[in-house]
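# Secondary and tertiary structure notes
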Amino acid sequence: MRQKLILFFLLCIGIINIKAQNRLSTPLEILTFMQASGTKYEIETFSGKMQARPNIVLPHGAFVQTHNNKDYTFEYMYELSCEAEKNLAEAKILLATEKPNYKKIIKLLDKSLKNHPQNAQIYTLLGEAYFQQQNYDKAKIAFEKAISINPIDYIARWQLGEILLLQNQTDSALQIITLAHLYNRNQPRLLLRMRDLYLRYGFSYEHAWNFSPLYQNYRDKGNIIVRAEGIWLTYAMYKAVWEYEPDYLYIKSKQAVSDYLFHQEMEAVLGTYMTYSKLEEADKKIYPAIRALETALDNEMLEEYIMYEIVLVEQPSLAYYLTPEFTERLFAYIKAVRSLNYN
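Since the structure is predicted, the reported quantities are computational estimates derived from the model, not experimental observations. (Residues numbered from 1 in each chain as written. Predicted model: local features only at pLDDT ≥ 70, side-chain atom pairs only at ≥ 80, totals over all residues. Heavy atoms only, no water.)

## Section: the packing of aromatic side chains
Inclusion rule: Any Phe, Tyr or Trp ring, taking Trp's six-membered ring, that has another such ring centre within 6.5 Å forms a pair; planes under 30 degrees apart are called stacked, those over 60 apart edge-to-face, and the others tilted. A ring is scored as having a charge over it whenever the NZ atom of a lysine or the CZ atom of an arginine sits within 6 Å of its centre and within 35 degrees of its normal.
Tallying each qualifying case throughout the model produces 20 aromatic pairs. Ring pairs connect the aromatic residues Phe 211, Tyr 215, Trp 232, Tyr 235, Tyr 273, Tyr 276, Tyr 287, Tyr 305, Tyr 308 and Tyr 333, which therefore count as one cluster. Note that Arg 338 overlies the ring of Trp 209, its terminal NZ or CZ placed 3.8 Å from the centroid.

## Some points on the packing of helix α3 (residues 82-95) against helix α5 (residues 120-132)
Threshold: To define axes, lines are fitted to C-alpha atoms, for helices over the stretch in contact only, and angles between the resulting N-to-C directions are given on a 0 to 180 degree scale. Helix and strand assignments follow DSSP, with helices taken as H or I runs no shorter than four residues and strands as E runs no shorter than two, numbered in order from the N terminus. Here the word oblique covers every angle except those under 35 degrees (roughly parallel), over 145 (roughly antiparallel) and from 65 to 115 (roughly perpendicular). Whether a crossing is left-handed or right-handed is set by the direction in which the near helix is turned from the far one by less than a right angle, anticlockwise for left-handed and clockwise for right-handed. The contact definition used throughout considers only heavy atoms, calling two residues in contact when any of these lie within 4.5 Å.
In contact at an axis separation of 11 Å, α3 and α5 are set at 25° when each is read in the N-to-C sense. Looking at the two axes, α3 sits roughly parallel to α5. Between α3 and α5 the crossing geometry is left-handed. Facing α3, whose interface residues are Leu 88, Lys 92 and Leu 95, α5 presents Gln 121, Ile 122, Leu 125, Ala 129 and Gln 132.

## Considerations on the sheet that holds strand β1 (residues 41-45)
Selection rule: Note on pairing: DSSP must find at least two bridges between two strands before they are called paired.
The three strands lie next to each other as β1-β5-β4, forming an open sheet whose pairing is mixed. At either margin of the open sheet sits one strand with a lone partner, and together these are β1 and β4 (215-220). Going from strand to strand, the sheet's axes swing by 20° on average, the running direction of each strand aside. Relative to the sheet, helix α10 (residues 232-244) contacts β1, β4 and β5 (223-228), its axis offset from that of β4 by approximately 40°.

## Concerning the pairing of β5
Regular strands place side chains that alternate from one sheet face to the opposite one. For clarity, the threshold we go by: Here the term buried applies to any residue with accessible area under 20% of the maximum for its type, exposed to any over 50%, and partly exposed to those in between, with areas from a 1.4 Å probe on protein chains only.
Taking burial as the measure, the six residues of β5 include six buried ones, the bulk of the element. Burial along β5 is two-sided: the face carrying Asn 223, Ile 225 and Arg 227 and the face carrying Ile 224, Val 226 and Ala 228 are both buried. Pairing analysis gives five bridges linking β1 to β5, with the strands arranged parallel. Bridged to Glu 44 within β5 is Arg 227. In sequence, β4 turns back onto β5 through a hairpin of two residues, with Lys 221 there showing a positive phi of about 55°.

## Quick look at the side chain of Glu 304
Within the fold, Glu 304 resides in helix α14 (residues 302-314). Accessibility expressed as a relative area gives 4% for Glu 304, which makes it buried. Sequence-distant contacts of Glu 304, defined by excluding residues within four places in its chain, comprise Phe 326, Arg 329, Leu 330 and Tyr 333.

## Quick word on the confidence of the model for the chain
Our working definition: Predictor confidence is given residue by residue as pLDDT, running from a minimum of 0 to a maximum of 100.
Per-chain confidence: the chain averages 89 in pLDDT, with 93% of residues scoring 70 or above. The model gives residues 1-21 a pLDDT under 50, and that stretch makes 34 contacts with residues more than four places away or in other chains.

## Points about the environment of His 60
The following threshold applies: Under the rule applied, a polar contact is a pair of N or O atoms within 3.5 Å (in protein, one hydrogen donor and one hydrogen acceptor; residues adjacent in sequence only if both atoms are side-chain atoms).
Here His 60 shows up in the loop between β1 and β2 (62-67). At 3.0 Å, the side chain of His 60 and the side chain of Asp 153 are in polar contact.

## Topic: the side chain of Thr 272
Residue position: Thr 272 is located in helix α12 (residues 260-277). Residue classification places Thr 272 among the buried residues on the basis of a relative accessible area of 1%. Within the local environment of Thr 272, its side chain forms a polar contact with the backbone nitrogen of Tyr 235, the two atoms lying 3.3 Å apart. Polar contacts involving the side chain of Thr 272 include one to the main-chain carbonyl oxygen of Ala 268, which spans 2.6 Å. With residues up to four places along the chain from it excluded, the contact list for Thr 272 reads Ile 231, Trp 232, Thr 234, Tyr 235 and Ile 290.

## Some remarks on the pattern of salt bridges
Under the convention used in this document: When a carboxyl oxygen of Asp or Glu is within 4 Å of a side-chain nitrogen of Lys or Arg, the pair counts as a salt bridge.
All told, the structure shown has twelve salt bridges when counted by the stated rule. As a salt-bridge pair, Glu 44 and Arg 227 come within 3.2 Å of each other at their nearest N and O atoms. On the criterion of sequence distance, the pair formed by Glu 44 in strand β1 and Arg 227 in strand β5 is long-range, its members being 183 residues apart. With relative accessibility at 19%, the residue Arg 227 sits in the buried group.

## So, the packing of α12 against α14
What counts here: The residue classification treats Ala, Val, Leu, Ile, Met, Phe, Trp, Tyr, Cys and Pro as nonpolar and Asp, Glu, Lys and Arg as charged. All others, Gly included, are polar.
α14 packs onto α12 with a crossing angle of 115° between their chain directions and a minimal axis gap of 10 Å. Between α12 and α14 the crossing geometry is right-handed. Contacts from Leu 261, Phe 262, Glu 265, Met 266, Val 269 and Leu 270 in α12 reach Leu 302, Glu 303, Tyr 305, Ile 306, Met 307, Ile 310, Val 311 and Glu 314 in α14. Partitioning the contact of α12 with α14 into residue classes produces eleven nonpolar, no polar and three charged.

Here you go:
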């Protein structure tokens, strides 16, 4: 399957070009573009530690809103009235006490909802209060209301999954908790909970690796420095051209490419794998991320790999745009690719 996919890749980028929007540049094309550019590139090999990729964790209360046809991420906490802010702070303190006064907590939250009826975070807190009371019916209603207002409310989804677990609806619970994980890809407590549940119910989630290309691109005195370790040099070259060559973006715009982020990663990942696949076996260092990519290619899950391992790690709020169909594909990806040990 990997050989077939690479052949298809070569046909699309070099000979047939079936769909312009799917045209991907080969490593040779990227190198040729760099050599022909008026920008001077300096290539440096590097071994050692580099700055890790940022793993952004969305705060609870983040939501996406559209203004002037552009989407922005906001937080509910910055939209509260002074009174509501005071009530929520008191409710949170009471929820954390040993013997919470649930009647008072619910009263405070209901009062806040009268002033902020579209605040999903308040509904989630209300659901947590009912959950702690073991009033799961009302908790479920509150969590579902929170999700209907703010689809990326990962805590509301997580707690809905916990309710289903208590009701012995294991499959549905695992699916919802996995979905909550997708909506906040780097949230450590949620990831740990998901892994533990997978293990308990006969699944596996290998967490000892992530997609962490060792490279650093930067401008120095007008030149572009491309530093990378081993196989990641190819990846770094793609990223440099995308970042520093406006002419390359112009070319992509003429190919009807609209999703630049996804297309960029598609090129860089496949190009890196092409370079890796041409190495002699004795020269192939163990890269868990590359081995996982091979599994993804075997299962025809390249898009899922890019979304789960790269895009959602770097920009977790983009989960807001996941369709139900692609979400199902991500569920299948986690079970097929993340269940194996690549070390």
